Amino acid sequence: MVNSKPILKFNNNNQFKIVQFTDLHYGSDPESDVDSVYSQITILDYEKPDLVVFSGDMISGYLDPFEDNDKNYWKYWNLFTEPLIERNIPWAITFGNHDGEGALSTNEILKLDQTFNLSLSQSNSVEMHGIANYVLKISSSNSSKEEPASLIYIFDSSTKGCSKLDWGCVHQDQVDWFKNTSKSFNKTNSIAFVHIPPIEVIDLWNKYPVHGNFSETPCCFDNEFGNFVPSLVESGDVHGLYFGHDHENDFHGDYKGVDLGYGRKSGEGSYSSKKPLGARVFQLTESPFTLSTWIREVNGNIVSQDVHVQSEIDQKPLQCKRKIVKYSKRQLLIYKIVGSFSIFLAVVLVGLAGFFGYKFYKKYEFKKHYQELKKFSNCIL
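We now turn to the structure provided with this report.

Definitions and cut-offs
Residues numbered from 1 in each chain as written. Predicted model: local features only at pLDDT ≥ 70, side-chain atom pairs only at ≥ 80, totals over all residues. Heavy atoms only, no water. Disulfide = S-S within 2.5 Å. Phe/Tyr/Trp six-rings, centres within 6.5 Å; stacked < 30°, edge-to-face > 60°. Helix = DSSP H or I, 4+ residues; strand = E, 2+ residues; numbered from the N terminus. Buried < 20%, exposed > 50% of the residue type's maximum accessible area, 1.4 Å probe, protein only. Contact = heavy atoms within 4.5 Å. Axes fitted to C-alpha atoms, helices over the stretch in contact; angles between N-to-C directions. Parallel < 35°, antiparallel > 145°, perpendicular 65-115°, else oblique. Left-handed = near helix turned anticlockwise from the far one by under 90°. Nonpolar A, V, L, I, M, F, W, Y, C, P; charged D, E, K, R; others polar.

**Some words on the state of the cysteines**
For the structure shown, the criterion picks out 1 disulfide. Of the cysteine sulfurs around Cys219, a residue in no disulfide, the closest is that of Cys220, at 7.7 Å.

**Side note on the packing of aromatic side chains**
In the structure shown here, the tally under the stated rule is 25 aromatic pairs. Centre to centre, the rings of Tyr153 and Phe178 are 5.0 Å apart; their planes meet at 80 degrees, and the pair counts as edge-to-face. Here the residue Tyr153 occupies a position in strand 5 (residues 150-154), and Phe178 occupies one in helix 4 (residues 172-184), the gap between them amounting to 25 residues. The exposure classification of Tyr153 matches that of Phe178, with both residues buried. Members of the aromatic cluster, joined through ring pairs, are Tyr153, Phe155, Trp177, Phe178, Phe221 and Phe228.

**A closer look at the environment of Gly56**
Looking at the secondary structure, you find Gly56 in the loop between strand 2 (51-55) and helix 2 (71-87). Gly56 sits in the buried class, given a relative accessible area of 2%. In the structure, Gly56 is positioned 100 residues away from Asp156 in sequence and 8.9 Å away in space, judged by C-alpha atoms. In this structure, Gly56 is in contact with Thr22, Asp23, Thr94, Phe95, Gly96, Asp99 and His195, ignoring residues within four places of it in sequence.

**Points about the packing of helix 1 (residues 30-47) against helix 2**
A packed helix pair is summarised by two numbers, namely the angle formed by the two axes and the spacing between the axes. Contact geometry for helix 1 and helix 2: axes closest at 10 Å, N-to-C directions at 20 degrees. Taken together, helix 1 and helix 2 sit at an angle that is classed as roughly parallel. The handedness of the crossing between helix 1 and helix 2 is right-handed. On helix 2, the residues that touch Asp33, Val37, Gln40, Ile41, Leu44 and Asp45 of helix 1 are Tyr76, Leu79, Phe80, Pro83, Leu84 and Arg87. For the contact of helix 1 with helix 2, the per-class residue count stands at 8 nonpolar, 1 polar and 3 charged.

The following block contains the structure:
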């Protein structure tokens, strides 16, 4: 592993650009993987970012390629990072709920990712929920300034045990880590990334103007395990929080001073968003600090997202979608075999019950008929 890592820095025009690739879901099938690589290459060539953030579900860990062959992790990591390596673009990852569902844990995957020189991914600096909670520093364009000009917070929401929904969430110890880190950097202007959306996206849609459409009930998390978004709002230094997970949503809007927003589904794997593949792009300006964002599609278009104004007739229930269990091909095969055997056994048992029941019935009828004949004979005699 090479020790030197890229340094993030505002350019001479005081600009720094980030591309968010989310829900790539590599490993579904070869054709989908080719489309996903093409999506990445096209967007990178249009935007030429200073950093890429992979905000979870880079792979579909529940599928066959990842069940018992850890070599496939290297195969797919090489596949989706190659476009960045060819363009010398550094990246950072956080985990989705599906990355660690195969042979390798998220801890092992993180170590794999860190072997790449352009990877800026880090493990936790202190013990807390999740494995990839960290902060990246963006240096000032003025080389004489030692303090970072901006920060990027990465939160790991791949933890389990987050209520019955169990998609994952941000826990209170992660929130406490953020608060302490924010204070240590004197509340430096920043943005943040996580995979699972917070429940506040529904409140955002119901009460504030947003850009884009509400196309899918969010598989989100609430504040039962941590006071996440309220803490970001209170801190005042995080200007945007961005996520993925819900493939059909890509709206964003100002929520009490924090821009909450979905990325655009970037990969062809898993269920489709019914929209062109794409990525959310962020342009940071150093001084005065500003944040602007847009979606670039694989066809080259920059999406003009319509403004949705809150309406009484368009209110959404303030609750997260219930969990839909996904099974691997192997699990489905096992369930089919067990199910088929269960049906076969049930048919056999029903058949045997019918057979012996019929014999018992015939024997009973014969005995009854015999008794009647005997009585009849006695009457004659």
